Amino acid sequence: CEAYVDFRDVIARADIDAVLIATPIHLHAIMTVLAAKAGKDVYCEKPTALTIRESRAMVEAVQRSGRVFQAGTQQRSEYGGKFRRAVELVRAGRIGKLKAAYAYCPGGAFHDDGGLGGQPQPVPDGLDWDLFLGPAPWRPFCGHVDSHMFGDGGINWGQHHYDIAQWGLGTDDTGPIEIGWEDGKLAYRYASGVVLYGCPYPNEPVGDTGGVCFVGDQGRIAVDREDLVADPPKILDAPLAEHESRVYHSDSHSGNFLECVRSRKRTICDVETAHRAVSVLLLGGLAQQLRRPLRWDPAKEEFPGDEEANRLLAYAPREPWRF
């Protein structure tokens with residue numbers, strides 16, 4: 001393996017077909033955009049973006065260049081298929097009419113607090129601090145680096161939770177229309193009337209690791225990386241019938257990506273799906289930052305008539321970076 005300081009030297013290589021982006025999160029979007037423009041397929045770890053505007057720029061770059069994209073939200077493929085089974089049972093109506101879901105994680109968003117704490121120090125030899133910051137706002141080096149230094153709230157884990165919630169709700173191509181609070185709980189309301197809560201279901205035995213609970217008028221299903229449970233338990237007993245809904249089947253997330261690199265088919269968590277999942281996470285983070293409810297147009301991807309909130313959909317990238 002050869003090590004590089006500047007990732008652009010990697011994507012400039014004609015003999016490289018695909019890249020895995022597992023850098024500090026404020027670099028995920030710009031690296032995806034530049035890699036796609038350079039003709040590379042992309043596997044990008046979560047959270048795939050820090051703002052909704054840069055996430056949409058990722059979608060446009062990937063789709064315009066005809067690249068394959070996979071988000072690193074591997075719960076769709078891994079963990080014995082527990083998440084897939086939960087989603088299929090929900091979408092097959094086994095818990096009746098879906099009323100609510102609980103995503104076990106608060107929202108998260110871009111946040112610039114002006115520094116990492118401590119006194120500015122000389123940048124160590126071998127660290128290109130300006131390149132490390134990339135498009136993000138300038139801040140002095142204070143003795144350490146942080147992969148989540150521009151993130152706030154549930155930014156690290158959140159996309160795992162909201163990705164599965166979106167899958168179960170059947171909203172991989174859209175999002176909520178209102179973000180606010182109910183009884184002190186972060187709440188996302190969808191056009192269908194379903195409410196997604198960014199908190200655990202009361203007394204639910206699962207949820208610490210990527211967990212989601214789906215609640216219908218005839219029962220509920222909860223799932224995380226260790227457990228799949230239902231109330232009543234018999235919901236899990238009957239196999240799906242031939243006519244009941246199935247979802248995209250993958251047993252290996254990285255394997256699915258490599259297969260699609262070869263076939264040019266859509267991955268299980270493609271760029272639009274990832275964009276919609278991270279958007280839910282980021283919308284919750286913005287509501288928390290503004291400390292007030294928000295209305296959202298998932299088609300136009302803006303807050304209607306709310307310029308204060310719309311200004312938070314992006315930040316001005318530093319030169320020479322452009323999304």
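Residues numbered from 1 in each chain as written. Predicted model: local features only at pLDDT ≥ 70, side-chain atom pairs only at ≥ 80, totals over all residues. Heavy atoms only, no water.

## Notes on helix 3 (residues 52–65)
Step number 1: With 14 residues, helix 3 extends 20 Å between its outermost C-alpha atoms, agreeing within 8% with the 20 Å of an ideal straight helix rising 1.5 Å per residue.
Step number 2: Listed in full, the buried residues belonging to helix 3 are Ile52, Glu54, Ser55, Arg56, Ala57, Met58, Val59, Ala61 and Val62.
Step number 3: The secondary structure elements touched by the buried residues of helix 3 are helix 2 (28–37), strand 3 (69–71) and helix 8 (271–290).
Step number 4: Phi turns positive, to about 70°, at glycine 66, one or two residues after helix 3. (Helix = DSSP H or I, 4+ residues; strand = E, 2+ residues; numbered from the N terminus. Expected span 1.5 Å × (residues − 1). Buried < 20%, exposed > 50% of the residue type's maximum accessible area, 1.4 Å probe, protein only. Contact = heavy atoms within 4.5 Å.)

## So, the packing of helix 4 (residues 82–91) against helix 6 (residues 158–169)
Two numbers describe a pair of packed helices, the interaxial angle and the distance between the axes.
Step number 1: Two elements in contact, helix 4 and helix 6, have axes whose closest approach is 8 Å; the angle formed by their N-to-C orientations is 30°. Crossing of helix 4 against helix 6: the hand is right-handed. Touching Phe83, Arg84, Val87, Val90 and Arg91 of helix 4 are Ile164, Trp167 and Gly168, all from helix 6.
Step number 2: Split by residue class, the contact of helix 4 with helix 6 holds five nonpolar, one polar and two charged. (Axes fitted to C-alpha atoms, helices over the stretch in contact; angles between N-to-C directions. Left-handed = near helix turned anticlockwise from the far one by under 90°. Nonpolar A, V, L, I, M, F, W, Y, C, P; charged D, E, K, R; others polar.)

## Concerning the pairing of strand 7 (residues 178–182)
Every other side chain in a regular strand lies on the same face of the sheet, so the side chains alternate between the two faces.
Step number 1: Bridge count for strand 7 against strand 8 (residues 185–189) is five bridges, and the pairing is antiparallel. Its bridge partner lying in strand 8, glutamate 178 is registered against arginine 189.
Step number 2: Linking strand 7 to strand 8, which pair antiparallel, is a turn of two residues; within it aspartate 183 sits at a positive phi near 55°.
Step number 3: Pairing of strand 7 with strand 13 (residues 294–295) involves two bridges; the strand directions are antiparallel. (Pairing = 2+ DSSP bridges.)

## Some points on the packing of aromatic side chains
Step number 1: Under the criterion given, the structure shown has 11 aromatic pairs.
Step number 2: Where tyrosine 43 meets phenylalanine 257, the ring centres are 5.7 Å apart and the plane angle is 80°; that geometry is what we call edge-to-face. Here tyrosine 43, found in strand 2 (residues 41–44), pairs with phenylalanine 257, found in helix 7 (residues 253–263); they are 214 residues apart in sequence, far enough to count as distant. Each member of the pair, tyrosine 43 together with phenylalanine 257, is buried.
Step number 3: A network of ring pairs unites the aromatic residues Tyr102, Tyr197 and Tyr201 as a single cluster.
Step number 4: The residue whose ring lies beneath lysine 46 is tryptophan 157, and the NZ or CZ to ring-centre distance is 5.9 Å.
Step number 5: For the cation-ring pair, arginine 139 lies above phenylalanine 150, with the distance from its terminal atom to the ring centre recorded as 4.3 Å. (Phe/Tyr/Trp six-rings, centres within 6.5 Å; stacked < 30°, edge-to-face > 60°. Lys NZ or Arg CZ within 6 Å of the ring centre and 35° of its normal.)

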